Amino acid sequence: MSVLVYVNNYGGTIHKNAFEAVAYGKVIADKLNTEVHAALFGPVDNPDQLGAYGASKVFYNSSATFSNHDPSAITAALSEVVASQGSEVVVFSHDYTGKSVAPRLAARLKAGLVSGAIDIPNTDSGFVVKKAVFSGKAFADVEIMSDKKIISVLPNSLEYSKGEGKAEVVSLTGDAQASGVSVKEIKKESSKLSLNEAEIVVSGGRGLRGPENWGMVEELADLLGAATACSRPVADIDWRPHHEHVGQTGLAIRPNLYIAIGISGAIQHLAGVNGSKVIVVINTDPEAPFFKAADYGIIGDAFQVVPKLIEAAKAL
Ligand SMILES: Cc1cc2nc3c(=O)[nH]c(=O)nc-3n(C[C@H](O)[C@H](O)[C@H](O)COP(=O)(O)OP(=O)(O)OC[C@H]3O[C@@H](n4cnc5c(N)ncnc54)[C@H](O)[C@@H]3O)c2cc1C
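A quick note: this is a predicted structure, and the numbers were derived from the prediction, not measured.

**Observations concerning the packing of aromatic side chains**
Right, so step 1: What the rule picks out here adds up to 7 aromatic pairs.
Right, so step 2: When the centroid spacing of 6.1 Å and the interplanar angle of 65° are considered together, the rings of W214 and W239 count as edge-to-face. In this pair, W214 sits in the loop between β12 (200–204) and α4 (215–224) while W239 sits in the loop between α5 (232–236) and β14 (257–261), placing the two residues 25 residues apart along the sequence. Like W239, W214 is buried.

**Details of the packing of α4 against helix α8 (residues 302–315)**
Packed helices, taken two at a time, are described by their axes: the angle between them and the distance between them.
Right, so step 1: In the contact formed by α4 and α8, the axes pass within 10 Å of each other and the chain directions differ by 25°. As the angle between them shows, α4 and α8 are arranged roughly parallel. Crossing of α4 over α8 shows left-handed handedness. Residues M216, E219, L220, L223 and L224 of α4 touch α8, and the partners they reach there are A302, F303, V306, P307, L309, I310, A313 and K314.
Right, so step 2: A breakdown of the residues in the contact of α4 with α8 according to their chemical character gives 11 nonpolar, no polar and 2 charged.

**Brief notes about unusual backbone geometry**
Right, so step 1: One non-glycine residue, N46, lies in positive phi territory at about 55°.
Right, so step 2: Secondary-structure assignment places N46 in the loop between β4 (36–41) and β5 (57–61).

**Remarks on the nonpolar core**
Right, so step 1: Within the largest apolar cluster, 34 residues are counted, with the highest numbers of intra-cluster contacts made by V7, Y24, L50, V91 and I151.
Right, so step 2: Sorting the residues of this core by element identifies β1 (2–7), α1 (16–31), β4, β5, β6 (87–93), β7 (112–117) and β10 (149–153) as the ones contributing at least two each.
Right, so step 3: If near-sequence neighbours (up to four positions away) are discounted, I151 is found in contact with Y24, I28, V89, V90, V91, F92, V114, A117, P121, F127, V129 and I144.
Right, so step 4: I74, V90, V101 and A176 belong to the second-largest nonpolar core, a separate cluster that totals 21 residues.

**Digging into the site of the ligand**
Right, so step 1: Taken together, 27 residues surround the ligand, and among them R206, S231, T249, S264 and N283 come closest.
Right, so step 2: In the model, an oxygen atom of the ligand is placed 3.0 Å from a nitrogen or oxygen of the Q248 main chain.
Right, so step 3: Across the complex, the protein chains shield 74% of the 990 Å² of accessible surface that the ligand would expose by itself.
Right, so step 4: Every element with two or more residues in the shell around the ligand is listed here: α5, α6 (267–273), β15 (278–283) and α8.
Right, so step 5: Looking at side-chain class alone, the shell around the ligand contains 7 nonpolar, 15 polar and 5 charged residues.

Rules used in this analysis
- Residues numbered from 1 in each chain as written.
- Predicted model: local features only at pLDDT ≥ 70, side-chain atom pairs only at ≥ 80, totals over all residues.
- Heavy atoms only, no water.
- Phe/Tyr/Trp six-rings, centres within 6.5 Å; stacked < 30°, edge-to-face > 60°.
- Helix = DSSP H or I, 4+ residues; strand = E, 2+ residues; numbered from the N terminus.
- Buried < 20%, exposed > 50% of the residue type's maximum accessible area, 1.4 Å probe, protein only.
- Axes fitted to C-alpha atoms, helices over the stretch in contact; angles between N-to-C directions.
- Parallel < 35°, antiparallel > 145°, perpendicular 65-115°, else oblique.
- Left-handed = near helix turned anticlockwise from the far one by under 90°.
- Contact = heavy atoms within 4.5 Å.
- Nonpolar A, V, L, I, M, F, W, Y, C, P; charged D, E, K, R; others polar.
- Core = buried A, V, L, I, M, F, W, Y, C linked by side-chain atoms within 4.5 Å.
- Near = heavy atom within 4 Å.
- Polar contact = N/O pair within 3.5 Å; in protein donor to acceptor, adjacent residues only side chain to side chain.
- Areas by Shrake-Rupley, 256 points an atom, 1.4 Å probe, with all protein chains shown as cover.

Structure (structure tokens):
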């Protein structure tokens, strides 16, 4: 019996969300008096680095045939590791791959699945996982009653730190199973910092009037080490790329700090950002709905406020 964490890698690099998922699995394993193992498919330097986040073993298949992120192939390979290790709990990061592989694995294993968990499961009585529901307006405590349990954890749900250890690497062989799906092209995000992983996000809406005014958003983001995001209409009218669109129909993010500039705060936008730890809103309209969700609000013109924030950030 063990906890198994699926660790995604992009082009050989393991990202922060995957480290967080391993650390999350380690907390569960400690509660269940067992070990946390990781499954890693596709070529990566130093797979043993996952030991620093709590994994005692890494089941590692270095075949480049996994680099396409084909969810069916990953599901098939992962279910073999689950079967060989008798893993009771399987953890994913709630990222693109986690969202597509976790339900497939749950169907295959007849396992209960909680997607988008935001806290460590309560194992005092049963196995109860907290998740946000109704676009973040409420929380649900969901009990998983099946023998096998699957969880995908929302990024930035857990405070964790990097330790020292190295994991034992168990090499697996074989190529990814052909699934009838062929990946024709992988387009890499052009932004400097992944929106999903950013701790600070500076976001702009239609109040910025046009793409030519995004220079100040980008400058502020650069100074703060932040990623940039936008409201949906801004992406729809091509002021910004679609991968920056956050909300109900875009990305759901949970940064430590979300700065919303010229965004009204429609419920569909809030659905993607109301898990942020601190929200700062800059808007000319004191009645803008976003102020109700804000921790700090600045009633003012973005074209005057943002340059002052940039000055202050430079002075810092
Ligand atoms: C099914 C459905 C799904 C949707 N999904 C999403 C989604 O995922 N994400 C999303 O964002 N939207 C989504 N929407 C759209 C959503 O309802 C809003 O229309 C959208 O969020 C509004 O974008 P906005 O705030 O940028 O623009 P606006 O509503 O036009 O607001 C602009 C704001 O800027 C302020 N402003 C103007 N000038 C300035 C200035 N100089 N300085 C400071 N502030 C200024 C204004 O006071 C206003 O509050 C969805 C809608 C539907 C129906």
